[in-house]
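One letter stands for each residue in the lines below.
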Amino acid sequence: MNGTICFRIKSFIRYWLTAKPRGGFGVHSPFAYRFITNVLEEDMPYYAYNEVEQIRSMLLNNKQTISVTDYGTGPSCKKRVCDIARNSLKDKRLSQLIFRIAVFSKAQNILELGTSLGITTLYLAKSNPKATVKSLEGCPQTAEVAKMVMKTASVEKAEIIVGNIDNTLSETLKTFSTLDLVFFDANHRKEPTLSYFKACLPYVTDKTVFIFDDINHSQQMSEAWEEIKRNDSVKVTIDIYSMGIVFFNKSLQKEDYKIHF
């Protein structure tokens, strides 16, 4: 069996056995309890859900073939948009969680590393019509599809910046004074993830939230997540297996939670 698959199976079993149950039981921090009950477990439909999911359906039916340049975990190749949508987009449940986190944090300065076809970008933009959203994407043709998604949804304040994130991140960060929310969904390897994390740290405030995708994707990502949790600036982390959520508010006690989601 592939080593990565073995790792994912073992990490999921560890997560399932050690994560706290839904409902916030056993969580003593009032802040973490409020986040878990009001954000993680919120199941009421928000105003943006139907519109964004209709656009997802459009992508799932788009048979156009594009050239995909992947600076992260895979080779460059030709793919149909519908296949990218089916295999690479964050599913509805996780995408809508990212939206709720942005709403919860009242995020106005938002950065996304890894646009893909733009569904999470669109959810982030819809979380606050006054927000500045900048999303970095390595693949030019994928970025063009994402720009079409923004146009379809009449979103004008989400800027998609094309190029290798190793080259575009530094200049993009200079356009922000602070960051309210960063979604890390680009190069799913240890060193790039930690490099991006450290580059964004100087822009953190007490209200900042970082979201890391695929923290149990591989041994490398698991090691990166453990190092992020140990960082002195990090106060509260929540591991929902598929993603890791990080808070920096200095008034919070340092706590790490695993929560069933």
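Data block above holds the structure.
In this numbering scheme, every chain counts its residues from 1 along its sequence in written order. Residues qualify for local features only when their pLDDT is at least 70, as the model is predicted, and side-chain atom pairs are given and counted only at 80 or more; totals for whole chains, interfaces and linings, by contrast, use all residues. Side-chain descriptors were evaluated using all non-hydrogen atoms of the structure, hydrogens and water having been removed beforehand.

Draft legend 1. A look at the environment of Cys 6. Inspection of the secondary structure assignment puts Cys 6 in helix H1 (residues 3-18). Relative accessible area serves as the criterion here: at 26%, Cys 6 is assigned to the partly exposed category. Each C-alpha atom of the pair Cys 6 and Ser 218 lies 9.5 Å from the other, and the pair is 212 residues apart in sequence. What counts as a helix is a DSSP run of H or I of at least four residues, what counts as a strand is a run of E of at least two, and both are numbered from the N terminus. Only protein chains enter the accessibility calculation, which uses a 1.4 Å probe. A residue is then buried if its area is under 20% of the maximum for its type, exposed if over 50%, and partly exposed in between.

Draft legend 2. Fine view of the packing of aromatic side chains. Note on ring pairs: Phe, Tyr and Trp rings are taken, using the six-membered ring of Trp, and paired if centres are within 6.5 Å. Classes follow the plane angle, with under 30 degrees stacked, over 60 edge-to-face and the rest tilted. For the coordinates displayed, the defined rule picks out 21 aromatic pairs. When the ring of Phe 184 is compared with that of Phe 210, the centres are 5.1 Å apart and the planes differ by 65°; the resulting orientation is edge-to-face. You can see Phe 184 sitting in strand E6 (residues 181-184) and its partner Phe 210 sitting in strand E7 (residues 209-213), a full 26 residues away along the chain. Residue Phe 210 is classed as buried on the basis of its relative accessible area of 0%. Judged by centre distance (6.2 Å) and plane angle (75°), the rings of Phe 210 and Phe 212 are edge-to-face. The pair Phe 210 / Phe 212 is uniform in exposure class, with both members buried. An aromatic cluster of three or more residues is present, and its members are Phe 184, Phe 197, Phe 210, Phe 212, Trp 225 and Phe 248. Geometry around Phe 261 places Arg 93 over its ring, the cationic atom sitting 3.8 Å from the centre. Charge-over-ring placement is defined geometrically: NZ (Lys) or CZ (Arg) within 6 Å of the ring centre, and within 35 degrees of the ring normal. Here the guanidinium or amino end of Lys 134 rests over the ring plane of Phe 176, the centre of that ring lying 5.5 Å away.

Draft legend 3. Layout of a nonpolar patch on the surface. Like-charged residues within 9 Å of one another, or nonpolar side chains (Val, Leu, Ile, Met, Phe, Trp, Tyr) within 5 Å, are grouped into patches, provided each residue has over 30% relative accessible area and no salt bridge. Accessible surface is estimated by sampling points in the Shrake-Rupley manner with a 1.4 Å probe; for residues, cover comes only from the protein chains shown. One side-chain nitrogen of Lys or Arg within 4 Å of one carboxyl oxygen of Asp or Glu is enough to make a salt bridge. Together, Ile 5, Ile 9, Phe 12, Ile 13, Trp 16 and Leu 17 give the surface a local cluster of nonpolar side chains, amounting to about 630 Å² of exposed area. Within the fold, Ile 13 resides in helix H1.

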